[in-house]
Amino acid sequence: MNLFRHRPVGLPALVLLITAAGCSSADDNASAVVPSPGTKATKLCRELDKVLPSKVDGESRHDPEPASALTAGWGGPEIILRCGVTQPPKMIDPKVSQGDDPDAVAGGVNGVDWLMEKRDGGGNRFTTANRSAYVEVTVPEGADNSSALIDLAPAIKKAIPAGIAD
């Protein structure tokens, strides 16, 4: 028996093999765009990364790809934190502060002010306000928003001082 004998492979089998290879993943980590803040915000974000909790909303930390001190993640689907993001346009929209925007709400949790925005794919995006760097947290649909923000508040208060972001 010749184990190296060549057998023709039909086109459907080849297409199936290529499709399966393209869909497989060696890594189940989520991905996140790494922000590009200025020097001051980068320093604050690196300090934040050092004090972030190991669990958020009961989920263990699993950082997204690419690895960066400016991003962190917990659970699956992921709760994703990005530090050093730009100011969201809704943050200066007067409709939000007047309560006239159903997709964005201002509020605070445990001493950290947040802007909440509903995401098109479900879930919410929260961005810190009145801090020296903007921190964004995306929470997937079905996760406990308040628990995530409560768990993250002590680290944010410790590493990102109150103030106006550049």
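The coordinates are above.
Here's a quick rundown of the structure. (Residues numbered from 1 in each chain as written. Predicted model: local features only at pLDDT ≥ 70, side-chain atom pairs only at ≥ 80, totals over all residues. Heavy atoms only, no water.)

1. So, the pairing of strand β7 (residues 124-129)
Move 1: With respect to burial, β7 is a largely interior element, five of its six residues being buried.
Move 2: As judged from the six bridges shared by strand β6 (residues 112-118) and β7, these two strands associate in the antiparallel manner. Bridge pairing links Asp113 to Ala129 in β7.
Move 3: The pairing of β7 with strand β8 (residues 135-139) spans four bridges and is antiparallel. (Buried < 20%, exposed > 50% of the residue type's maximum accessible area, 1.4 Å probe, protein only. Helix = DSSP H or I, 4+ residues; strand = E, 2+ residues; numbered from the N terminus. Pairing = 2+ DSSP bridges.)

2. Focus: the pattern of salt bridges
Move 1: Counted by the stated rule, this structure contains six salt bridges.
Move 2: Put simply, Arg61 and Asp63 hold a salt bridge, and the shortest N to O gap is 2.7 Å.
Move 3: In this structure, the salt-bridge partner of Arg125 is Glu117, at a minimum N-O distance of 3.4 Å.
Move 4: With a relative accessible area of 8%, Glu117 lands in the buried category.
Move 5: Connected through shared salt-bridge partners, Asp49, Arg61 and Asp63 make up one network. (Salt bridge = Lys/Arg side-chain N within 4 Å of Asp/Glu carboxyl O.)

3. Some details on the layout of surface pockets
Over the atoms, a rolled probe matching the size of one water molecule traces out where space is still vacant.
Move 1: Its volume calculated, the largest pocket comes out at about 240 Å³.
Move 2: Every residue lining the largest pocket is counted, 20 residues in all, and those nearest its centre are Gln87, Met91, Ile92, Ala129 and Asn130.
Move 3: Residue assignment for the lining of the largest pocket shows that the elements contributing at least two residues are α3 (94-97), β5 (104-109) and β6.
Move 4: Partitioning the lining of the largest pocket into residue classes produces eleven nonpolar, five polar and four charged.
Move 5: In this structure, the second largest pocket encloses a volume near 160 Å³.
Move 6: Pro37, Gly38, Ala41, Val85 and Asp166 are, among the 13 residues lining the second largest pocket, the residues nearest its centre.
Move 7: Considered class by class, the residues forming the lining of the second largest pocket number six nonpolar, five polar and two charged. (1 Å grid on protein atoms, 1.4 Å probe; cavity = no way out; pocket = protein on both sides within 12 Å on 5 of 7 lines; lining within 4 Å. Points joined across faces, edges and corners; volume = space filled by probe spheres on them. Nonpolar A, V, L, I, M, F, W, Y, C, P; charged D, E, K, R; others polar.)

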